[in-house]
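The lines below spell out each chain.
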Amino acid sequence: MKIFNTLTRTKEEFKPIEPGKVRMYVCGPTVYNFIHIGNARPMIVFDTVRRYFEYCGYEVNYVSNFTDVDDKIIKKANEEGVSSEEISERYIAECKKDMADLNVRPATTHPQATQEIDGMIDMIQTLMDKGYAYKVSDGTVYYRTRKFEGYGKLSHRDIDEQEAGHRTIGVVGSEKEDDFDFVLWKPKKDGEPYWDCPWCQGRPGWHIECSVMSKKYLGDQIDIHAGGEDLIFPHHENEIAQSEAANGVPFATYWMHNGFLNIDNKKMSKSLGNFFTVREIGEKYDLAVLRFFMLQAHYRSPLNFSAELMEAAKNGLDRIITAGKNLKYIAENSTVADMTSEEQAIYDNRIEFVDKFKAAMDDDFNTADASSAIFELVKYCNQNVNENSSRALAQGLYNQLNELCDVLGIILAQEEESLDEQVEALIQERQQARKDKNFARADEIRDELTAMGIVLEDTREGVKWHRA
Ligand code: AMP
Ligand code: ZN
């Protein structure tokens, strides 16, 4: 399996630190609003990377944080007259709903910055002890960037040839030693959340949060660190400087970055105002379509959002799901049980498409080509399975299609609620209706159950049921 590593700008063979295991950290969103579909891109892309590792037999420890202390969160809290915590908890819950609708699996751990402050204070202290950090008179602690030899290795910048974005040296009153030094800890302002620490009451800088959460949940050295390409500099460059200086070992072996989701070829972002939230798109489309749309491009390529491409994704997804339904129908209803020898050959030949799928995913997670392999398998199934086929062939091909779809997070068939679950739910509802003295609804439910062939018995131990 090959991964494009931003650090070396080449595709490299994946070699895990610990055989059979992957330790992976993905920078998560700052939670002050509903996420937009640009934020959804890394979630979908790296969830798919995780799924493919698992498909290949790896055990993945997947950590993705929520940044829940930030200027934007504080601003929103002040606008609404509520606490920062209320804002961040609200939008973490909303983000988790969106992730579930996008079939993005919950991370092994979703740490929150505000729960990890002690670890941040510890790491900052270590950096101070080693001479990589210094405090100025107002209590701000800075990272001494030039002391870290490898600074610039991820973003391929030579610090001496760079103009720092924000000139402070020579500015009267500034005690920063160098323009490139960045904040590890900053003093509180009125109305802001703060924590006590040895330097001043205040809060951490953004970069130290990820270094610390990654260390705590994955250890000093990890296999993959990932996020959108806007994070390469300064966020990830600074994370490397902090983690490697503090821990004394290389931080992540592979750095993966997704390209931007654009609108009219401009990055979708909150600040430009050119965004759609996942929620908005969810009103028009099943979010499975959004997920599939994202995977139709290579994750490192820019992707332009458009109604045409969403329609194309919708049609493609429909084609796959329809093929799945047909296979399932035949698998459940054909009068022939076993495969003929001719069918066995058809079944065995599916491997051609599986191999194509794997070759695409092994080549730096080329989900666009992997989707093409799925379409070829769909076509193959449509051509080779019909109502005269055996149940075994239809089921075998269904299972194969389902397995590949699952790697991309495509749900081929929604699990149907079992009859027992439906009956139990209706009985519960009937009990509640009776408690509420809504006897009309209670009778209606009894009739509904009778129509389903279910007989109710009111006993002393409660309601019992059996099939008529
Ligand atoms: P933020 O909440 O801005 O820190 O972003 C959370 C994640 O979404 C980061 O990994 C960003 O790089 C990523 N991201 C933000 N906007 C876009 C976009 N338009 N396209 C792709 N990724 C994005
Ligand atoms: Zn981060």
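Summary of the structure given here.

What follows is about the pattern of salt bridges. Enumeration according to the criterion identifies 33 salt bridges in this entry. Residue Glu18 pairs with Arg23 through a salt bridge whose shortest N-O separation is 3.1 Å. On the accessibility criterion, Arg23 (19% relative accessible area) is buried. With a closest N to O distance of 2.6 Å, Arg146 and Asp178 form a salt bridge. With Arg146 in the loop between β6 (141-143) and β7 (182-187) and Asp178 in the loop between β6 and β7, this pair connects stretches of sequence that are 32 residues apart. Overlapping salt bridges, with partners in common, bring together Asp47, Arg51, Arg291 and Asp406 in one network.

Scanning the entire structure with this criterion turns up two cavities of 30 Å³ or more. When its volume is computed, the largest cavity comes out at roughly 60 Å³. The wall of the largest cavity is formed by Val45, Thr48, Val49, Met294, Leu295, Ala297, His298, Tyr299, Phe365 and Thr367. Those elements giving two or more residues to the lining of the largest cavity turn out to be α1 (37-55) and α8 (287-295). Considering each element in turn, the lining of the largest cavity owes the most residues, three residues, to α1. Tallied by class, residues from the lining of the largest cavity come to seven nonpolar, three polar and no charged.

With that out of the way, let us pick up the sheet that holds strand β4 (residues 59-64). Taking strand neighbours across the sheet as the criterion, the four strands line up as β4-β3-β9-β10 in an open arrangement whose pairing is parallel. At either end of the open sheet lies a strand with only one pairing partner, and these are β4 and β10 (252-258). Taken pair by pair, the neighbouring strands of this sheet meet at an average axis angle of 20°, ignoring direction. As defined by bridge partners, strand β3 (residues 21-26) adjoins β4 across six bridges and the pair is classed as parallel. Bridged to Met24 within β4 is Tyr62. Sheet strands in contact with helix α6 (residues 232-247) are β9 (222-228) and β10, and its direction is about 160° off that of β9.

So, about the site of ligand 1. Inspection of the region around ligand 1 gives 17 residues, with Thr30, Gly228, Asp230, Leu261 and Met268 positioned closest. The side chain of Asn39 places a nitrogen or oxygen atom 3.3 Å from an oxygen atom of ligand 1. Considered on its own, ligand 1 offers 490 Å² of accessible surface; in the complex 89% of this is hidden by protein. Spatially, ligand 1 is embedded in the largest pocket. Considering each element in turn, the shell around ligand 1 owes the most residues, three residues, to α1. Of the residues in the shell around ligand 1, the class split is seven nonpolar, eight polar and two charged.

The next thing to look at is the coordination of the zinc ion (ligand 2). By definition of the ideal shapes, four donors in a tetrahedron about a metal sit 109.5 degrees apart, and six donors in an octahedron sit 90 or 180 degrees apart. Within the first shell, the zinc ion (ligand 2) binds the protein through Cys27 (SG), Cys210 (SG) and His235 (NE2), at distances of 2.0 to 2.2 Å. Overall, the relative accessible area of 0% leaves Cys210 in the buried class.

Moving on to the nonpolar core. Of all hydrophobic cores here, the largest spans 89 residues; its most connected members are Phe53, Ile224, Leu290, Phe357 and Phe365. Here this core gathers at least three residues from each of two domains, domain 1 (2-258) and domain 2 (306-407). Those residues within four positions of Ile224 in sequence are excluded, and the remaining contacts are Ile3, Phe14, Val22, Arg23, Met24, Tyr25, Phe53, Ala252, Tyr254 and Met256. Counting residues in each nonpolar core, the second largest holds 42 residues, with Ile121, Ile240, Ala246 and Ala252 among its members.

Rules of the game
All chains use their own residue numbering, which begins from 1 and follows the written sequence. Chain A is the first chain written and ligand 1 is the first ligand written, with later ones labelled in order. With pLDDT at 70 or above as the cut-off, local features in this predicted model cover only qualifying residues; side-chain atom pairs require 80 or more to be listed or tallied, and sums for whole chains, interfaces and linings still use all residues. Side-chain metrics in this entry use all non-hydrogen atoms of the structure; hydrogen atoms and water are not considered. Salt bridge, as applied in this entry: a Lys or Arg side-chain nitrogen positioned within 4 Å of an Asp or Glu carboxyl oxygen. Relative accessibility decides the category of a residue: with a 1.4 Å probe and only protein chains considered, values under 20% of the type maximum give buried, values over 50% give exposed, and everything between is partly exposed. Runs of H or I in DSSP of at least four residues are treated as helices and runs of E of at least two as strands, each being numbered from the N terminus. Whether a set of points on the 1 Å grid over the protein atoms alone is a cavity depends on a 1.4 Å probe fitting there but being unable to get out, while an open set qualifies as a pocket with protein on both sides within 12 Å along at least five of seven lines; lining residues are those with an atom within 4 Å of a point. Grid points are joined across faces, edges and corners, and a volume is the space filled by probe spheres set on the points. Classification convention: Asp, Glu, Lys, Arg as charged; Ala, Val, Leu, Ile, Met, Phe, Trp, Tyr, Cys, Pro as nonpolar; all other residues, Gly among them, as polar. Pairing between two strands is assigned when DSSP locates at least 2 bridges connecting them. Every angle, taken between N-to-C directions, lies between 0 and 180 degrees, and every axis is a line fitted to C-alpha atoms, over only the stretch in contact when it is a helix. In this analysis, two residues are considered to be in contact whenever any of their non-hydrogen atoms come within 4.5 Å of each other. By convention in this text, a residue qualifies as near a molecule or strand provided that one of its non-hydrogen atoms is within 4 Å of it. What qualifies as a polar contact is a pair of N or O atoms within 3.5 Å, subject to a donor-acceptor requirement within protein and to the restriction that residues adjacent in sequence count only when both atoms come from side chains. A 1.4 Å probe and the Shrake-Rupley method give the accessible areas. Residues count as covered only by the protein chains that appear here. Here the criterion for a molecule occupying a pocket or cavity is that more than half of its atoms lie within 2 Å of the pocket grid points. Only nitrogen, oxygen and sulfur atoms qualify as donors, provided they sit within 2.8 Å of the metal or within 3.2 Å for Na, K and Ca; with water excluded from the atoms, sites may seem incomplete. We define a nonpolar core as any set of buried Ala, Val, Leu, Ile, Met, Phe, Trp, Tyr and Cys residues linked to one another through side-chain atoms lying within 4.5 Å. Where each domain begins and ends follows an automated or database-derived domain assignment.

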